Amino acid sequence: MATEITTPNPAVDGGELIRFDNVTKRFGTNTVLDNLDFTVASGKHVTLIGPSGSGKTTILRLLMTLLRPEEGTITVDGDYLTHESKNGKLIPAGEKHTREVRKKIGMVFQQFNLFPNMRVLRNVTEAPVHVLGMGKEEAEERARGLLDLVGLGDKCDAYPTQLSGGQQQRVAIARALAMRPQVLLLDEVTSALDPELVAGVLDVLRDLAHTTDITMLCVTHEMNFARDISDDVLMFDAGRVIESGPPEKIFSDPEHERTREFLSAVL
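Reading the values: the criteria
- Residues numbered from 1 in each chain as written.
- Predicted model: local features only at pLDDT ≥ 70, side-chain atom pairs only at ≥ 80, totals over all residues.
- Heavy atoms only, no water.
- Pairing = 2+ DSSP bridges.
- Helix = DSSP H or I, 4+ residues; strand = E, 2+ residues; numbered from the N terminus.
- Contact = heavy atoms within 4.5 Å.
- Axes fitted to C-alpha atoms, helices over the stretch in contact; angles between N-to-C directions.
- Salt bridge = Lys/Arg side-chain N within 4 Å of Asp/Glu carboxyl O.
- Buried < 20%, exposed > 50% of the residue type's maximum accessible area, 1.4 Å probe, protein only.
- Phe/Tyr/Trp six-rings, centres within 6.5 Å; stacked < 30°, edge-to-face > 60°.
- Parallel < 35°, antiparallel > 145°, perpendicular 65-115°, else oblique.
- Left-handed = near helix turned anticlockwise from the far one by under 90°.
- Nonpolar A, V, L, I, M, F, W, Y, C, P; charged D, E, K, R; others polar.

Colleague: Break down the sheet that holds strand 1 (residues 16-27) for me, with residues and values.
Modeller: What the four strands build is an open sheet, ordered 2-1-4-5; its pairing is antiparallel. Every other strand in the sheet has two partners, leaving strand 2 (30-41) and strand 5 (79-80) as the edge strands with one partner each. Pairing between strand 4 (residues 71-76) and strand 5: two bridges, direction antiparallel. If you follow Val 76 over to strand 5, its bridge partner there is Asp 79. Lying on the sheet, helix 1 (residues 56-63) is in contact with strand 1, strand 2 and strand 4; it crosses strand 1 at an angle near 115°.

Colleague: Go over unusual backbone geometry with me, naming the residues and quoting the values.
Modeller: With a phi angle near 55°, Asn 113 is a residue other than glycine that sits in the positive phi range. Its place among the elements puts Asn 113 in the loop between strand 8 (105-108) and helix 3 (120-130). Positive phi outside glycine occurs at Arg 180, with the angle close to 50°. On the secondary structure map, Arg 180 appears in the loop between helix 5 (165-178) and strand 9 (183-187).

Colleague: If you had to explain the pattern of salt bridges to someone new, which residues and values would you point to?
Modeller: The full count for this structure, using the stated rule, is 19 salt bridges. With a shortest N-O distance of 3.7 Å, Lys 104 and Asp 77 are connected by a salt bridge. Remark: Asp 77 occurs in the loop between strand 4 and strand 5 and Lys 104 occurs in the loop between helix 2 (95-102) and strand 8; sequence separation between them is 27 residues. Of the residues examined, Lys 104 reaches a relative accessible area of 16% and is grouped as buried. The residue Arg 206 makes a salt bridge to Asp 228 at a minimum N-O spacing of 2.8 Å. Of this pair, Arg 206 sits in helix 6 (residues 195-211) while Asp 228 is found in helix 7 (residues 223-229), placing the two residues 22 residues apart along the sequence.

Colleague: For the packing of aromatic side chains, give the residues involved together with the corresponding values.
Modeller: For the structure on display, the rule yields one aromatic pair. Their ring planes at 35° and their centres at 4.9 Å tell us that Phe 20 and Phe 38 sit as a pair that is tilted. One end of the pair, Phe 20, is in strand 1; the other, Phe 38, is in strand 2, with 18 residues separating them in the sequence. The pair Phe 20 / Phe 38 is uniform in exposure class, with both members buried.

Colleague: I'd like a description of the packing of helix 4 (residues 136-149) against helix 5, backed by residues and values.
Modeller: How two helices sit against one another is set out by the angle between their axes and by the gap between those axes. At a closest axis distance of 9 Å, the pairing of helix 4 and helix 5 adopts a crossing angle of 140°. Between helix 4 and helix 5, the interaxial angle falls into the category oblique. Crossing of helix 4 over helix 5 shows right-handed handedness. Contacts between helix 4 and helix 5 pair Arg 142, Leu 146 and Leu 147 from the former with Val 171, Ala 174, Leu 177 and Ala 178 from the latter. When the residues that make up the contact of helix 4 with helix 5 are grouped by side-chain class, the tally is six nonpolar, no polar and one charged.

Next comes the structure, spelled out in structure tokens:
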């Protein structure tokens, strides 16, 4: 799909947008993230690769505040996500603070999570109207433009059940962009699709990566897609980043034996 996608987010300056400082996340006795430090610069496209259970999706769920870290801090555009400063001390953030910071983040999940009782247009306008306080007319105009961009301008009045899985995922992308996030999180967005539907969704995301300044943090097993869109690739194993670098380095000449093992298994 060769649709030009105009930038959906505020201008970026290339500075640091996301920072994880000594973040640890456990589930019971299982440490999923182990004192994780990493940053994502504004406007960059960063892909997380690695075996299942290595902590990649946990990072995205922490950024969406679906989970909270046991230790460490996360900042988004300079604001603490799950903490706030009171009297010079960091304390767990209240819901109001977290909700404001989270507005900077959009996410597309493995499952499409569309509202089945709402038509496509309302699925895309619901959050801008009720979360951002946008007027209905403005929200609908933006939604129609985004649906055009993902190739579904003729599906505004359809219900999700009338769409293919690939079409539903493209609606989910439009819905995430409708909130004008500074960063878009992509969590294995093609894993629930039939193979013949994968290419259409990846084409939309390639267009988005190549024609906008939106920051992207992507978890995927689609290695060719990762190679195409990434500025940096981070290889995870056992809750840590064991190797990182530009895609041509990671995919063509990885330094770590674990990276070579993983890539030989998935490529």
